[in-house]
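Here's the letter readout for the chains.
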Amino acid sequence: MHRSPGFTKEEVQDDLKAFERRITRAVRYLEPKSYRWKFLLIVSVLFVLFTGYGFITNLQLDTNFSILLALYENKVFALALIFLALLILTGAHNRADTSAIILSRNRLVLHEYNLSCNEKGKLIIKPKVL
């Protein structure tokens, strides 16, 4: 078995345990914030859908149709649409998935060492590929 010079088996195990604790702590810290952002995005999308249905059913198309005038007449839909656009432009869709992004980046690095991690950040030791 090939060993790194200067590191004992216990030191390597301690390092792996410390790394695992750090990943799980980061995931636990980010999960509540992710849930809040997901909730905010879901609520705003549903609000846009419901107000959009009202906007479409009340829409009167004629020769002098103006989308700006139609949005002005349906202020609730316009505000919901603007709010959703601002959420997306400020990166709320990325904040809703922060822990998954961190875990996927860790998996990319860990793959080189025949390791992986689950959705909670626990390390998974993969068998060596011959």
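That block above? That's the structure.
Below, the structure is looked at part by part. (Residues numbered from 1 in each chain as written. Predicted model: local features only at pLDDT ≥ 70, side-chain atom pairs only at ≥ 80, totals over all residues. Heavy atoms only, no water.)

### Here we look at the nonpolar core
Then, in step 1: By size, the foremost hydrophobic cluster in this structure holds seven residues: Ile 23, Val 27, Leu 103, Leu 110, Leu 115, Cys 117 and Leu 123.
Then, in step 2: When residues of this core are traced back to their parent elements, those giving at least two are α1 (9–58), α5 (98–111) and β1 (115–117).
Then, in step 3: Each residue touching Ile 23, except ones within four places of it in the same chain, is listed here: Leu 103, Asn 106 and Gly 121. (Core = buried A, V, L, I, M, F, W, Y, C linked by side-chain atoms within 4.5 Å. Buried < 20%, exposed > 50% of the residue type's maximum accessible area, 1.4 Å probe, protein only. Helix = DSSP H or I, 4+ residues; strand = E, 2+ residues; numbered from the N terminus. Contact = heavy atoms within 4.5 Å.)

### Describing a negative patch on the surface
Then, in step 1: A surface patch of like charges, here negative, comprises Glu 10, Glu 11, Asp 14 and Asp 15.
Then, in step 2: By relative accessible area, Asp 14 is classed as partly exposed at 47%. (Patch = residues over 30% accessible without salt bridge, like charges linked within 9 Å, V, L, I, M, F, W, Y side chains within 5 Å. Areas by Shrake-Rupley, 256 points an atom, 1.4 Å probe, with all protein chains shown as cover. Salt bridge = Lys/Arg side-chain N within 4 Å of Asp/Glu carboxyl O. Lys, Arg positive; Asp, Glu negative; His and termini not counted. Charge placed at Lys NZ, Arg CZ, Asp CG, Glu CD.)

### Looking at the packing of aromatic side chains
Then, in step 1: Considering all chains together, one arrives at one aromatic pair under this definition.
Then, in step 2: A centroid spacing of 4.7 Å and a plane angle of 15 degrees characterise the contact between Phe 55 and Phe 77, whose relative ring orientation is stacked. You can see Phe 55 sitting in helix α1 and its partner Phe 77 sitting in helix α3 (residues 75–89), a full 22 residues away along the chain. An identical accessibility class is assigned to Phe 55 and Phe 77; each is buried.
Then, in step 3: Over the ring of Tyr 72 we find Lys 75, and its NZ or CZ is 4.2 Å from the ring centre.
Then, in step 4: Lying over the aromatic face of Trp 37, Arg 95 brings its terminal NZ or CZ to 5.0 Å of the ring centre. (Phe/Tyr/Trp six-rings, centres within 6.5 Å; stacked < 30°, edge-to-face > 60°. Lys NZ or Arg CZ within 6 Å of the ring centre and 35° of its normal.)

### Some remarks on unusual backbone geometry
Then, in step 1: Even without being a glycine, Asn 114 presents a positive backbone phi close to 55 degrees.
Then, in step 2: Here Asn 114 lies in the loop between α5 and β1.

### Looking at the packing of α1 against α5
Then, in step 1: Close contact between α1 and α5 brings their axes to 8 Å; oriented N to C, the two are set at 155 degrees. In terms of axis orientation, α1 runs roughly antiparallel to α5. On α5, the residues that touch Phe 19, Ile 23, Val 27, Leu 30, Glu 31 and Ser 34 of α1 are Thr 98, Ser 99, Ile 102, Leu 103, Asn 106 and Leu 110.
Then, in step 2: Of the residues belonging to the contact of α1 with α5, the class tally is seven nonpolar, four polar and one charged. (Axes fitted to C-alpha atoms, helices over the stretch in contact; angles between N-to-C directions. Parallel < 35°, antiparallel > 145°, perpendicular 65-115°, else oblique. Nonpolar A, V, L, I, M, F, W, Y, C, P; charged D, E, K, R; others polar.)

### A short note on the side chain of Thr 24
Then, in step 1: By the secondary structure assignment, Thr 24 is in helix α1.
Then, in step 2: For Thr 24, the side chain forms a polar contact with the main-chain oxygen of Arg 21, separated by 2.9 Å.
Then, in step 3: For Thr 24, the residues in contact, after removing those within four places along its chain, are Lys 120, Gly 121 and Lys 122. (Polar contact = N/O pair within 3.5 Å; in protein donor to acceptor, adjacent residues only side chain to side chain.)

### Looking at the packing of α1 against α3
Then, in step 1: Look at α1 against α3: their axes get within 9 Å of each other, and the N-to-C directions meet at 150 degrees. Taken as axis vectors, α1 and α3 run roughly antiparallel relative to one another. The two elements α1 and α3 meet at a crossing, and its hand is left-handed. In contact with Trp 37, Leu 40, Leu 41, Ser 44, Val 45, Phe 47, Val 48, Thr 51, Gly 52 and Phe 55 of α1, α3 contributes Val 76, Phe 77, Ala 80, Leu 81, Phe 83, Leu 84 and Leu 87.
Then, in step 2: Among the residues forming the contact of α1 with α3, the class breakdown is 14 nonpolar, three polar and no charged. (Left-handed = near helix turned anticlockwise from the far one by under 90°.)

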